[in-house]
Amino acid sequence: MISYQDRLRQSARRAGHVLCLGIDPDLDRLPLSLAAWEEYVNALLETVQPAAIKPNAAYFEVFGCEGWAWLERLCGRWRGKIPIILDVKRGDIGPSSKAYAKSAFERLEVDACTVNPWMGRDSIQPFADYAPQHGFYALVRTSNPGHQDLQKSPVDGQELWQKLLRELPQWFPGAGMVVGATGPQDLAFTCRHLAPDCPLLIPGVGSQGGQADEVLLALRQTEITLHRVNVSSKILYAQEDFPDLTPLEAARKAFQKYAAQLALS
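Thresholds applied
Residues numbered from 1 in each chain as written. Predicted model: local features only at pLDDT ≥ 70, side-chain atom pairs only at ≥ 80, totals over all residues. Heavy atoms only, no water. Axes fitted to C-alpha atoms, helices over the stretch in contact; angles between N-to-C directions. Helix = DSSP H or I, 4+ residues; strand = E, 2+ residues; numbered from the N terminus. Parallel < 35°, antiparallel > 145°, perpendicular 65-115°, else oblique. Left-handed = near helix turned anticlockwise from the far one by under 90°. Contact = heavy atoms within 4.5 Å. Nonpolar A, V, L, I, M, F, W, Y, C, P; charged D, E, K, R; others polar. Pairing = 2+ DSSP bridges. Phe/Tyr/Trp six-rings, centres within 6.5 Å; stacked < 30°, edge-to-face > 60°. Buried < 20%, exposed > 50% of the residue type's maximum accessible area, 1.4 Å probe, protein only. Core = buried A, V, L, I, M, F, W, Y, C linked by side-chain atoms within 4.5 Å. 1 Å grid on protein atoms, 1.4 Å probe; cavity = no way out; pocket = protein on both sides within 12 Å on 5 of 7 lines; lining within 4 Å. Points joined across faces, edges and corners; volume = space filled by probe spheres on them. Salt bridge = Lys/Arg side-chain N within 4 Å of Asp/Glu carboxyl O. Right-handed = clockwise from strand over helix to strand, strands pointing away.

Student: I'd love a proper account of the packing of helix H2 (residues 34–47) against helix H4 (residues 64–78), names of residues and values included.
Tutor: For the pair H2 and H4, interaxial distance at closest approach is 11 Å and the crossing angle is 15°. Between H2 and H4, the angle falls in the class roughly parallel. Every pair of crossing elements has a handedness; the one defined by H2 and H4 is right-handed. Between H2, through Leu 34, Trp 37, Glu 38, Val 41, Asn 42, Leu 45 and Glu 46, and H4, the contact on the second element is made entirely by Glu 66, Gly 67, Trp 70, Arg 73, Leu 74, Arg 77 and Trp 78. Across the contact of H2 with H4, the residue classes tally to 7 nonpolar, 2 polar and 5 charged.

The following block contains the structure:
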């Protein structure tokens, strides 16, 4: 089995861009039944070519066993066709993290997942044990406004998130990182100091205000095919911007727009 990093490279070249489609089903924003939502997502994925997909587990778990069953079907349907990044932000004491990693990589069989490294190295070691076939993305500099509460704190002459940025590859060579698009200067700093073979997952483009052109400019300093820029709401709920179109038509239109903005060339 080829490494996760190589699968990222291959899928980006196949798609011609680095757009990751976030899948966050919210029935309040798009009032469909759960079954209709599943049909909608499958129809969208059949007609576009994302460089990865990122289902957010919380949006499935809220529906209980029915939602989890859909998540399992989603992963099973697209496994081996598109890199699947499970957004779960796990991080716990060793035995619990070992169970979380087993759930992601052996039960759902996803390619990678997000983890919270702020409990320290041992809390994410179980996820690293599945490398190189599987990857993980540690929350380093997130896109939410509250990132400033801790991540920007000064320590050892740098900000705390920068310390983690430098130390994480020493703990786990090739570790992925989540760095938000809402801080273009911080993203540019990341790309200048990024260790080789460390993939980035970049949320915040679209509804949160991050700009695709600024992200792409920063990524040009690195091996761009390793990275993924996530867009969720502005694609899944594009009908809010294009009310004359059906949800599927609007989502396709929005996807093509972002894919063009995040093209490799």
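Back to the write-up after that little detour.
Student: Tell me about the side chain of Lys 54, and name the residues and values.
Tutor: Tracing the chain through its elements places Lys 54 in strand E2 (residues 52–55). Excluding anything up to four places from it in sequence, Lys 54 contacts Cys 20, Leu 21, Gly 22, Ile 23, Asp 24, Ile 85, Asp 87, Leu 201 and Asn 230.

Student: Explain the sheet that holds strand E3 (residues 85–90) to me, and be specific about the residues and the numbers.
Tutor: If you walk across this open sheet you meet the 8 strands as E2-E1-E10-E9-E8-E5-E4-E3, and the pairing is parallel. The open sheet is flanked by E2 and E3, the only strands paired with a single partner. The mean angle between the axes of side-by-side strands here comes to 30°, regardless of whether they run parallel or antiparallel. Pairing of strand E5 (residues 135–141) with strand E8 (residues 176–179) involves 4 bridges; the strand directions are parallel. Residue Tyr 137 lies in a different strand from E8, and its bridge partner there is Gly 176.

Student: How would you explain the packing of aromatic side chains if you had to name every residue and give the values?
Tutor: For the coordinates displayed, the defined rule picks out 9 aromatic pairs. Residues Trp 37 and Tyr 237 carry aromatic rings whose centres are separated by 5.8 Å and whose planes lie at 65° to one another, so their mutual orientation is edge-to-face. Here Tyr 237 lies in the loop between helix H10 (233–236) and helix H11 (247–261) and Trp 37 lies in helix H2, a separation of 200 residues in the sequence. Of the two residues, Trp 37 and Tyr 237, neither departs from the other in class, the shared state being buried.

Student: Before we move on, could you go through the nonpolar core and cite the residues and values that matter?
Tutor: Counting residues in each nonpolar core, the largest one holds 76 residues, and the members touching the most others are Leu 86, Phe 136, Leu 168, Met 177, Leu 200 and Ile 235. Counting residues per element, this core draws most heavily on H11, which supplies 7 residues. Among the nonpolar cores identified, the runner-up in size contains 11 residues, and Cys 20, Ala 52, Tyr 137 and Val 178 belong to it.

Student: Report on empty space enclosed by the protein, specifying residues and quantitative values.
Tutor: Evaluated as defined, the whole model comprises 1 cavity of 30 Å³ or more. Reported here for the largest cavity is a volume of approximately 50 Å³. What lines the largest cavity is Trp 68, Leu 86, Val 88, Arg 90, Tyr 100, Ser 103, Ala 104 and Leu 108. Sorting the residues of the lining of the largest cavity by element identifies E3 and helix H5 (94–107) as the ones contributing at least two each.

Student: Requested: an account of the pattern of salt bridges, with residues and values cited.
Tutor: In the structure shown here, the tally under the stated rule is 16 salt bridges. Among the salt bridges present, the one from Asp 197 reaches Arg 9, with a minimum N-O distance of 2.7 Å. One end of the pair, Asp 197, is in the loop between helix H8 (184–193) and strand E9 (200–202); the other, Arg 9, is in helix H1 (residues 4–15), with 188 residues separating them in the sequence. The exposure class of Arg 9 is buried, given its relative accessible area of 12%. Salt-bridge contacts for Glu 72 lead to Arg 107; the nearest nitrogen and oxygen are separated by 2.7 Å. Note that Glu 72 is positioned in helix H4 and Arg 107 in helix H5, a separation of 35 residues in sequence. Each of Asp 6, Arg 9, Asp 197 and Glu 223 takes part in one network of salt bridges that share partners.

Student: Account for the pairing of strand E1 (residues 19–23), naming residues and giving values.
Tutor: Every other side chain in a regular strand lies on the same face of the sheet, so the side chains alternate between the two faces. Where burial is concerned, most of E1 is hidden: 5 out of the 5 residues are buried. Here E1 shows no split at all, with Leu 19, Leu 21 and Ile 23 on one side and Cys 20 and Gly 22 on the other all buried. Here E1 runs beside E2; their pairing, made up of 4 bridges, is parallel. Looking at E2, one finds that Leu 21 is bridged to Ile 53. With H2 bridging E1 and the parallel E2, this β-α-β connection has right-handed handedness.

Student: Help me get a handle on the layout of surface pockets, residues and values and all.
Tutor: By volume, the largest pocket is sized at about 520 Å³. Asp 24, Lys 54, Pro 203, Gln 208 and Asn 230 are, among the 27 residues lining the largest pocket, the residues nearest its centre. Where the lining of the largest pocket is concerned, the elements lending two or more residues are E3, strand E10 (228–231) and H10. Looking at the lining of the largest pocket residue by residue, the classes come out as 8 nonpolar, 12 polar and 7 charged.

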